[in-house]
Amino acid sequence: MVFEVVDLFSGPGGLSEGFRAAGQTSRAKAKISLSVEMNEWAVQTLRQRAFQTMEGPDAQLLEKISLVAGMVETPDWSETAPARWKKTRQEVVQLELGGENAWETITPKLGAIRERANGNTILIGGPPCQAYSLVGRARNRGKACYIPEDDHRHYLYREYVRILAELRPAAFIMENVKGILSSHVNGGGIFQRILDDLSGTADGYVLVPLT
């Protein structure tokens with residue numbers, strides 16, 4: 001059995017790398033089908049890794065990668081392996097979840113994955129932690145104009161919940177920092193709000209908080 005994995009707020013791909021590695025050794029294989037990230041540098045890392053690990057006849061081209069003084073030099077893959085590079089760009093999408101037209105962009109991709117995998121999907125990801133982490137909160141308190149209620153990062157987890165409802169995966173993992181347990185905004189605890197929103201969306205799932 002192969003589980004297709006959707007990775008949200010991917011960063012440079014720590015969670016997806018773990019699933020990719022686990023999928024090589026377990027009976028239930030894991031395949032990263034979609035990574036969504038807004039940061040340009042992280043997207044470049046994700047695409048390079050996706051290109052390297054993708055199966056296909058162009059795999060021998062990876063031998064052209066050379067390490068020089070700690071820098072990775074690569075050919076122009078769009079010319080050297082255009083089909084493979086096109087598939088890589090489809091797998092790794094630079095997108096700001098919650099931003100303009102983001103939902104319209106990602107919904108068809110989720111639908112295609114859900115249909116193709118016939119329910120054998122896993123949703124992973126960690127909504128931005130800057131509003132929740134102890135260090136981030138200390139920095140924010142030092143900003144005279146900072147208003148927690150106006151920090152949209154407090155609520156980006158709702159994009160994860162929204163996609164959870166759309167994809168309906170076999171399992172999901174939402175990762176974040178320990179500070180989320182004590183983070184409050186508008187007089188309410190963020191962690192409890194997340195649990196409440198998940199409970200309203202994740203009917204049929206067993207929620208297991210891991211610390």
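A closer look at unusual backbone geometry
One non-glycine residue, Phe 9, adopts positive backbone phi at about 50 degrees. Not every positive phi belongs to a glycine, and Arg 168 is a case in point at roughly 50 degrees. With respect to the helices, strands and loops of the structure, Arg 168 is situated in the loop between helix 7 (157–167) and strand 7 (171–174).

Digging into the packing of aromatic side chains
Applying the stated criterion across every chain yields a total of 3 aromatic pairs. Taking the centre distance of 5.2 Å and the plane angle of 80 degrees together, the rings of Phe 172 and Tyr 205 count as edge-to-face. With Phe 172 in strand 7 and Tyr 205 in the segment after helix 8 (190–201), this pair connects stretches of sequence that are 33 residues apart. The two residues Phe 172 and Tyr 205 agree in class, both being buried. One Lys or Arg, Arg 84, reaches over the ring of Phe 51 and ends 5.0 Å from the middle of that ring. Across from the ring centre of Trp 103, 4.0 Å away, lies the NZ or CZ of Arg 162, which sits over that ring.

Re the nonpolar core
Of all hydrophobic cores here, the largest spans 29 residues; its most connected members are Val 6, Leu 8, Leu 34, Leu 97, Ile 106, Leu 123 and Phe 172. Listed by contribution, the elements that provide at least two residues to this core are strand 1 (2–8), strand 2 (29–37), helix 5 (102–117), helix 7 and helix 8. Among the elements that take part in this core, helix 7 stands out by supplying 6 residues, more than any other. Once you skip the residues sitting within four places of it in the chain, Phe 172 turns out to touch Leu 123, Tyr 160, Leu 164, Leu 198, Ala 202, Tyr 205 and Leu 207. Listed in part, the 7 residues of the second largest apolar core include Val 5, Phe 19, Ile 32 and Ile 124.

Considering the side chain of Thr 88
Mapped onto the elements, Thr 88 comes out in helix 4 (residues 82–91). Those residues in contact with Thr 88 that sit more than four places away from it in its chain are Arg 47, Ala 50, Phe 51 and Met 54.

Let's talk about the pattern of salt bridges
All chains considered together, the criterion is met by 5 salt bridges. For Arg 20, the salt bridge goes to Glu 17, with nearest N and O atoms at 2.9 Å. One end of the pair, Arg 20, and the other, Glu 17, are both in helix 1 (residues 14–22), 3 residues apart, so they sit about a helical turn from each other. Of the residues examined, Arg 20 reaches a relative accessible area of 12% and is grouped as buried. The class of Glu 17 is partly exposed, set by a relative accessible area of 29%. Note that Glu 17 is salt-bridged to Arg 49, the shortest N-O span being 2.6 Å. With Glu 17 in helix 1 and Arg 49 in helix 2 (residues 40–53), the pair connects residues that are 32 residues apart, well separated along the chain. It is possible to trace a salt-bridge network through shared partners that takes in Glu 17, Arg 20 and Arg 49.

Some words on helix 1
Within helix 1 the residues assigned to the buried category are Ser 16, Phe 19 and Arg 20. Seen along its axis, helix 1 keeps its buried residues to an arc of 100 degrees; they face one direction. Structurally, helix 1 contributes buried residues whose contacts are with strand 1, strand 2, helix 2, helix 4, strand 6 (121–125) and strand 7.

Calculation rules
Residues numbered from 1 in each chain as written. Predicted model: local features only at pLDDT ≥ 70, side-chain atom pairs only at ≥ 80, totals over all residues. Heavy atoms only, no water. Helix = DSSP H or I, 4+ residues; strand = E, 2+ residues; numbered from the N terminus. Phe/Tyr/Trp six-rings, centres within 6.5 Å; stacked < 30°, edge-to-face > 60°. Buried < 20%, exposed > 50% of the residue type's maximum accessible area, 1.4 Å probe, protein only. Lys NZ or Arg CZ within 6 Å of the ring centre and 35° of its normal. Core = buried A, V, L, I, M, F, W, Y, C linked by side-chain atoms within 4.5 Å. Contact = heavy atoms within 4.5 Å. Salt bridge = Lys/Arg side-chain N within 4 Å of Asp/Glu carboxyl O. Arc of directions from axis to C-beta.

Nothing here speaks to function; it is geometry throughout.
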